[in-house]
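Fold and contact review
If you want the building blocks of each chain, they are given just below.
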Amino acid sequence: MTNAIELTNVSKIYRRYTHRRQFATLKSALLSRSLVRDLSPDETFAAVRDLTVEVPCGRTLGVIGRNGSGKSTLLKLVAGITKPTSGTVLVNGRISALIELGAGFHPEISGRENVFINGIMLGLSKREIARRFDEIVEFAELKDFIDAPVKTYSSGMYMRLGFAVAIHVDPEVLLVDEVLAVGDEGFTHKCLDKFAEFKRRGKTILLVTHALGLVERFCDEAVWMDGGRMKAMGDPKRVVGAYITDVETSEEQLLAAGDAKAKESVTVVSPDEAATAVLPDHPVETAEGPADMFRATEGRWGSREIEITEVQLFGSDQQPGHVFHSGESLTVRIRLRSPIENQDFVIGIGIFNAEGVCCYGTNTNIEELKAVRILGDAEAFFSIDSLDLVEGTYKIDVAVHKLDGYPYDYHRLLYTFRVKSRTKDVGIYRPRHAWRFSDGVAFDRASHEA
Amino acid sequence: MLGNLARLIRYRGLIQTLVARELKARYRGSVLGFFWSFINPLLLLLIYTYVFAYIMPTRFAEGEQPKPFADPFPYALFLFCGILPWTWFSSSLNEAAGVLISGGNLIKKVLFPAEVLPIVTTLANMVHFFLGLPILAAFLIYYRAPVTVGELTWFPVIVLVQLLFTLALALLVAALTVHFRDIRDILANVLTLWFFATPIIYPWKRAPDFGKWFVNANPFSHLAISYQEVLFFEGPFGHWRWLLVIGVMSVVFFLFAYFVFDRLRDTFAEEV
């Protein structure tokens, strides 16, 4: 089997600044055909580094990765729109690139004329376009508007027409860059059907997308780009899985950094050096909580007679973390320190969603646990067997206070965690549930996959 | 480079279509539409005639003015012979300067030979030039200008030389403007100076002595003189040697300009 696309050690280096060393670079462009070879590394940016990819004919390759990982540059290199700084790009057969739909449409002239011009730009002859014209118009669903100037089209109509022309070029190699979001649901399905038809007819497709589900279902192979390099290539399910894990890890780091920052800023406001030396009658500036508890933003206050020294969240794997999956278990470990023995205390916890709605709140008093004593270092564990929250970001309140509400240490919204879910249900809370159906109704689970 | 040049032939369909689009789109939405291609040069002619025949009259020296004409119309006709090709030349360059930047979407998002864009501007302006010719012809016939068939056969040659020369400059200007945006502003002034350094509003023999070498070194002078000799002045076309020299120069210049354009081609997608 021959390869439709072959990239060998391809690198693409961009200049970081456009207006420096113009003269030198124009000269080098004329002499060595390169704008970047003479520049020092801090003036350049490698969008793609040393990439080697082969796509055999008839395969569908999905390209995934974060923003700025080099996916679109890869596509432009394959399309021949940009030339690699080093390495070789080989493509066999006619290419059609769905990079920007309707590029080259002239707003003043009619859709009909634009179809012809766009088709010729994409490499069709006039006769070929005339033969496919009706099909194109029908696909774009623009029968009634085809003779109106393109400037009167809505953005959806514009995109549909661009897509329809590009897809009817009948390429050997189809390059798609995140363009499926153009139409309504119905049009998207039509596009997918068209892609499937291409696949059946043995064409090669390179698909750049953030729709991971699409890659899993549709592609034969997936490439994961990260920082201009290929991080993984192979079975779509495996690559997508690895990518999702990686995204979660970095989200985790981001949340951890956020928590650290929140705590730090609080410590600046109320240094906790007083914590060990506080006497009951000692006036403490931070003892007063905000007047309206529910309006309060992040913060920390309290007398510190009992201090919360650390709060950590553990998932089902017993490792501290910030990203958890819906339905798994979650444990909040609260480390406390009380320099003197204390008998009047309540430990509380509250979970808030991103909109600030309290999803759940409780404390030891509400649950009729009577405090007996606390002295020295201690730990409290708050365990949730099944984290039945919908996907989203949540914040936690943790507090120790007197029975009458006098705060010892109140941590307001200082801890953040994220809940991931494969089900995109909505709301705040996911009750344990199940669907059952009588004989008259039938569902097929696979058909509903998003 | 030569391979790319040959590839252009494959793109002639595209060039043709884009020229047609350019012409269609230009007058779309205006009441008079295509008539503007006739009216514009006519208005231009009237303005220049008024200015240079009445406000700042230029007189022909003894023997320069062909007999059958009566003042001031022959002057207008003389003017028209030079202004029509000049308009083609100067609007081509003005538009070529911005064409790669405004067509950036095509260069960045579609696989597209960039030289098509300046070529299309030059050709579209040539079509406008052709549309102005019937008006010129009507005036020539009305005033029974001394035009002979022998002289008229030179006309396509002059047009061809001008086409090559304009294409070469358009390619160069288009490619360099991507890197030096300043060219767009400089160009407008250079073209104004160039206009006055070309014997268009004055006959070649009336150029001041100190400026003669300057006018002589200007390739467009010889194109303008050729047009005037063929269409306006009596007698055989005596300027053909100069025309052929300019023709050969234009071929060399075109190849050079295409070389520069070809070398810079890969940088366009990043710079526009």
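Reference entry: report on the structure contained in this document. (Residues numbered from 1 in each chain as written. Chains lettered and ligands numbered in written order. Predicted model: local features only at pLDDT ≥ 70, side-chain atom pairs only at ≥ 80, totals over all residues. Heavy atoms only, no water.)

A look at the overall build of chain B
Along the backbone of chain B there are twelve helices and zero strands. By the compact-globule yardstick of 19 Å for 272 residues, chain B fits well, its C-alpha radius of gyration being 19 Å. Its C-alpha atoms put chain B at 60 × 45 × 35 Å along the principal axes. The burial tally for chain B puts 55% of its 272 residues in the buried class. The contacts of chain B with a sequence gap of at least 6 include a subset with a gap of at least 24, amounting to 80%. Here chain B has roughly 12,400 Å² of accessible surface; of this, 69% comes from carbon and sulfur atoms. Charge-centre separation for chain B: the mean point of 20 positive side chains lies 7 Å from the mean point of 16 negative side chains. (Helix = DSSP H or I, 4+ residues; strand = E, 2+ residues; numbered from the N terminus. Rg over C-alpha atoms; globule rule 2.2 N^0.38 Å. Buried < 20%, exposed > 50% of the residue type's maximum accessible area, 1.4 Å probe, protein only. Contact = heavy atoms within 4.5 Å. Areas by Shrake-Rupley, 256 points an atom, 1.4 Å probe, with all protein chains shown as cover. Lys, Arg positive; Asp, Glu negative; His and termini not counted. Charge placed at Lys NZ, Arg CZ, Asp CG, Glu CD.)

Notes on the packing of helix α8 (residues 154-179) of chain B against helix α9 (residues 182-196) of chain B
Helix packing geometry: the angle between the two helix axes and the distance between the axes. All names here are of chain B. Contact pair α8 / α9: the axes reach a minimum separation of 10 Å and the direction vectors enclose 150°. Of the possible angle classes, the one that applies to α8 and α9 is roughly antiparallel. Only Ile-183, Arg-184, Leu-187 and Trp-194 of α9 make contact with α8, whose side of the interface consists of Phe-165, Leu-169, Val-173, Leu-176 and Thr-177. Residues that form the contact of α8 with α9 fall into these classes: seven nonpolar, one polar and one charged. (Axes fitted to C-alpha atoms, helices over the stretch in contact; angles between N-to-C directions. Parallel < 35°, antiparallel > 145°, perpendicular 65-115°, else oblique. Nonpolar A, V, L, I, M, F, W, Y, C, P; charged D, E, K, R; others polar.)

Observations concerning the packing of aromatic side chains
Per the counting criterion, the structure on display carries 34 aromatic pairs over all chains. Ring centres of B:Trp86 and B:Trp194 lie 6.3 Å apart, and the angle between their planes is 65°; on these two criteria the pair is classed as edge-to-face. Within this pair, whereas B:Trp86 is found in helix α4 (residues 73-102), its partner B:Trp194 is found in helix α9, the two being separated by 108 residues in sequence. Of the residues examined, B:Trp86 reaches a relative accessible area of 7% and is grouped as buried. Judged by relative accessible area, which is 18%, B:Trp194 ranks as buried. Among the aromatic residues, those joined into a ring-pair cluster are B:Trp86, B:Phe89, B:Phe165, B:Trp194, B:Phe195, B:Phe196, B:Phe220 and B:Phe253. If you follow A:Lys199 out to its NZ or CZ, it ends over the ring of A:Phe218, 4.9 Å from the centre. Looking at A:Lys402, its charged tip hangs above the ring of A:Tyr406, at a distance of 4.7 Å from the centre. (Phe/Tyr/Trp six-rings, centres within 6.5 Å; stacked < 30°, edge-to-face > 60°. Lys NZ or Arg CZ within 6 Å of the ring centre and 35° of its normal.)

Overview of helix α2 (residues 12-27) of chain B
Residues and elements named next belong to chain B. Between its terminal C-alpha atoms α2 stretches 23 Å, which fits the 22 Å expected from 16 residues at 1.5 Å a residue. Buried within α2 we find Leu-14, Ile-15, Thr-17, Leu-18, Val-19, Arg-21, Leu-23, Ala-25 and Tyr-27. In the stretch just after α2, Gly-29 is the one whose phi turns positive, near 95°. (Expected span 1.5 Å × (residues − 1).)

Considering the pattern of salt bridges
Any two side chains of opposite charge can pair if their charged atoms end up close together. Taken as a whole and assessed by the stated rule, the structure comprises 32 salt bridges over all chains. Across the salt bridge formed by A:Glu307 and A:Arg300, the nearest N and O atoms sit 3.3 Å from each other. Looking at A:Glu307, the relative accessible area reads 6%, which means it is buried. Note that B:Asp262 and B:Arg265 form a salt bridge whose closest N and O atoms lie 2.6 Å from each other. Linking B:Asp262 with B:Arg265, this pair stays in helix α12 (residues 240-271), spanning three residues, or about one helical turn. By relative accessible area, which is 4% here, B:Asp262 ends up buried. Residue B:Arg265 is classed as buried on the basis of its relative accessible area of 15%. (Salt bridge = Lys/Arg side-chain N within 4 Å of Asp/Glu carboxyl O.)

Quick look at the sheet that holds strand β6 (residues 173-177) of chain A
All names here are of chain A. As summarised here, the arrangement of the six strands in space is β5-β6-β7-β3-β8-β9, forming an open sheet in which the pairing is mixed. Both edges of this open sheet fall to β5 (95-98) and β9 (229-234), since each of them pairs with a single strand only. Strand-to-strand twist of the sheet, defined as the mean angle between neighbouring strand axes without regard to direction, takes the value 15°. With five bridges connecting them, strand β8 (residues 221-226) and β9 associate as antiparallel partners. Residue pairing for β9: Met-225 is matched across the bridge by Met-230. Against the sheet, helix α2 (residues 71-79) contacts β3 (60-65), β5, β6, β7 (204-208) and β8, and its axis sits at roughly 155° relative to β6. (Pairing = 2+ DSSP bridges.)

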